[in-house]
Each structure stands twice: as C-alpha cells, then as structure tokens.
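# An overview of the molecular structure
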Amino acid sequence: AGWFAGEVAAETYRAAGVTECEWQSRDDRRVRPAHHALDGTRFTYDGPAPLTADKSSNGEPCFPGQDYNCRCRPRIVSYAAGPRENATRAAVRSA
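Below, the structure is looked at part by part. The residue count restarts for each chain, going from 1 along the sequence in the order it is written. Only residues with pLDDT of 70 or above have their local features reported here, since the model is predicted, and side-chain atom pairs are shown and tallied only from 80 upward, although totals for entire chains, interfaces and linings are computed over all residues. The basis for every side-chain value is the complete set of heavy atoms in the structure, and neither hydrogens nor water enter the calculation.

## Comments concerning the nonpolar core
Core analysis: the biggest nonpolar cluster contains 14 residues, and Tyr13, Cys21, Trp23, Phe43, Tyr45, Leu51 and Phe63 have the highest contact counts within it. Put simply, DSSP H or I for four residues or longer makes a helix, DSSP E for two residues or longer makes a strand, and each gets a number counted from the N terminus. Contributing elements (two or more residues each) for this core: α1 (3-15) and β1 (18-24). No other element matches the 3 residues that β1 contributes to this core. With sequence-adjacent residues up to four places away left out, cysteine 21 is seen in contact with Tyr13, Thr41, Arg42, Phe43, Tyr45, Pro74, Arg75, Ile76 and Val77. By nonpolar core we mean a set of buried residues, namely Ala, Val, Leu, Ile, Met, Phe, Trp, Tyr and Cys, connected to one another through side-chain atoms within 4.5 Å. Think of it in three bands: with a 1.4 Å probe and only protein chains considered, a residue is buried below 20% of the maximum accessible area for its type, exposed above 50%, and partly exposed in between. Only heavy atoms enter the contact rule, under which two residues are in contact if any of them lie within 4.5 Å.

## Things to note about the sheet that holds strand β3 (residues 73-79)
Any two strands with at least two DSSP-identified bridges between them are counted as paired. Here we have 3 strands laid out as an open sheet, ordered β2-β1-β3, and antiparallel in their pairing. Among the strands making up the open sheet, the edge pair consists of β2 (42-43) and β3. Of the strand pairs in this sheet, β1 and β2 are connected by 2 bridges, and their pairing is antiparallel. Bridge pairing links cysteine 21 to phenylalanine 43 in β2.

## Overview of the packing of aromatic side chains
A pair of aromatic rings is counted whenever rings of Phe, Tyr or Trp (Trp by its six-membered ring) have centres within 6.5 Å, and the orientation is called stacked for planes under 30 degrees apart, edge-to-face for over 60 and tilted otherwise. All told, the structure shown has 4 aromatic pairs when counted by the stated rule. Taking 5.3 Å as the distance between ring centres and 85° as the angle between the ring planes, the aromatic pair formed by phenylalanine 43 and tyrosine 45 counts as edge-to-face. Pair check on accessibility: phenylalanine 43 and tyrosine 45 agree, each one buried. The interplanar angle of 45° and the centroid separation of 4.7 Å between the aromatic rings of tyrosine 45 and phenylalanine 63 together place this pair among those described as tilted. One end of the pair, tyrosine 45, is in the loop between β2 and β3; the other, phenylalanine 63, is in the loop between β2 and β3, and 18 residues separate them in sequence. Across the pair, phenylalanine 63 and tyrosine 45 agree in class, each one buried. Among the aromatic residues, those joined into a cluster by ring pairs are Tyr13, Phe43, Tyr45 and Phe63.

## Quick look at a nonpolar patch on the surface
A cluster of nonpolar side chains, contributed by Trp3, Phe4 and Val8, occupies part of the molecular surface with about 350 Å² of accessible area. Looking at where phenylalanine 4 falls in the secondary structure, it is placed in helix α1. Patches here: salt-bridge-free residues with over 30% relative accessible area, like charges joined within 9 Å, nonpolar side chains (Val, Leu, Ile, Met, Phe, Trp, Tyr) joined within 5 Å. Only the protein chains shown count as cover for residues, and all accessible areas are computed by the Shrake-Rupley method using a 1.4 Å probe. A pair is scored as a salt bridge if a Lys or Arg side-chain nitrogen falls within 4 Å of a carboxyl oxygen belonging to Asp or Glu.

## Remarks on the pattern of salt bridges
On inspection of all chains with the given rule, the structure shows 6 salt bridges. Notably, a salt bridge pairs arginine 42 with glutamate 22, separated by 4.0 Å at the nearest N-O pair. One end of the pair, arginine 42, is in strand β2; the other, glutamate 22, is in strand β1, with 20 residues separating them in the sequence. With relative accessibility at 15%, the residue glutamate 22 sits in the buried group. Members of the salt-bridge network, linked through shared partners, are Glu20, Glu22, Arg42 and Arg75.

So, in structure tokens, the structure goes:
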C-alpha cells in the first residue's frame, strides 16, 4: 500500500463523514508487532493517529497504511448521516 494510499484513505474517509474506524492488520507473519497490537483498535481521523511516532518506522504518528510499507487498512465502524442517508431514512419511514 504505502504512505500515499494511507493518505488517500484518510482524506476520503474524512470527506465522506466517517466518524469512527477500526485498525485492521493483515494478520500474517509479516505484520510488525506494533501494528499487530493495534489490530481491532478504534480511532477517528479527527483525533490522534493510533500508531505513535515512537512505534512507527518513519518516526511520525500514523493511521493505517501511512507507515513505511504498511499493509494495514481502516475498517469503517460508523459515519455521520448526510443528506442522502437522511432522505433515505425518511422515505423508508413514510412507506
């Protein structure tokens, strides 16, 4: 994946109104211990990065996919309801 993919995911999720994600490692023998320890950890992109600078390979706090050669991914847990979701919910209620 790499740093760029992690940045794209972070910006896309922020723009889409994602409010909470969960760190998902690849759960194989190549996963670094610090990344494995975060597996299942919930976080927000508006808060501090879950992988702290002292545990990252690049020396900076990171979200999934932002650390050097990181293959971890964010899994969406919840998001803010936007106009489309609210309209859909209203249509279902009136049906």
